[in-house]
Amino acid sequence: FDLKNKTALVTGAASGIGAAIAQAFARSGAFVDFADREVEGAGGGAAKLRAEGGKTEVVEMDVAPRHFFPIRNSLLFRFKIQKSTNNDLALKSRV
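Worth saying up front: this structure is predicted, and the values here are computed from it rather than measured.

**Student:** Please clarify how the overall build of the protein should be interpreted in this entry.
**Tutor:** Across its full length, the protein holds 3 helices and 4 strands. Along the protein, from the amino end to the carboxyl end, the secondary structure elements read β-α-β-α-β-α-β. Counting over 95 residues, the protein shows a buried share of 40%. Sequence-distant contacts in the protein: of pairs separated by 6 or more residues, those separated by 24 or more amount to 57%. Surface accessibility of the protein: about 5,900 Å² in total, with carbon and sulfur atoms responsible for 53%.

Here it is as structure tokens:
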């Protein structure tokens with residue numbers, strides 16, 4: 001699938017399903033924000049994709065409810081997402 005000119009914010013991107021989602025989006029052309037509380041893990045995945053020509057950034061983010069709900073609600077509103085899961089993702093056209 002083609003995600004050129006899209007931006008994706010993927011939480012839990014340091015490992016597991018989040019990392020796989022972030023990699024798939026980056027390889028499909030999206031600019032990907034790797035969001036995780038473990039910056040080193042997210043940074044490693046982001047660096048690997050940048051070496052392959054991907055466009056990525058690392059965002060330190062703790063999605064534990066007490067820390068994240070105010071931020072998440074703002075992001076969900078900004079990206080017009082109606083539902084979120086543990087591995088949240090947001091796609092928006094890049095302006």
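**Student:** Sorry, what's going on with the environment of Val32 here?
**Tutor:** Here Val32 lies in strand β2 (residues 31-36). In this structure the C-alpha to C-alpha distance between Val32 and Ala22, which are 10 residues apart in sequence, comes to 6.5 Å.

**Student:** Any chance you could explain the layout of surface pockets here in plain terms?
**Tutor:** Leftover empty space is mapped by rolling, across the atoms, a probe with the size of a water molecule. Looking at the largest pocket, its volume works out to about 220 Å³. Contributing to the lining of the largest pocket are 12 residues, with Gly12, Asp36, Arg37, Glu38 and Val63 lying nearest its centre. Tallied by class, residues from the lining of the largest pocket come to 5 nonpolar, 3 polar and 4 charged.

Conventions we followed
- Residues numbered from 1 in each chain as written.
- Predicted model: local features only at pLDDT ≥ 70, side-chain atom pairs only at ≥ 80, totals over all residues.
- Heavy atoms only, no water.
- Helix = DSSP H or I, 4+ residues; strand = E, 2+ residues; numbered from the N terminus.
- Buried < 20%, exposed > 50% of the residue type's maximum accessible area, 1.4 Å probe, protein only.
- Contact = heavy atoms within 4.5 Å.
- Areas by Shrake-Rupley, 256 points an atom, 1.4 Å probe, with all protein chains shown as cover.
- 1 Å grid on protein atoms, 1.4 Å probe; cavity = no way out; pocket = protein on both sides within 12 Å on 5 of 7 lines; lining within 4 Å.
- Points joined across faces, edges and corners; volume = space filled by probe spheres on them.
- Nonpolar A, V, L, I, M, F, W, Y, C, P; charged D, E, K, R; others polar.

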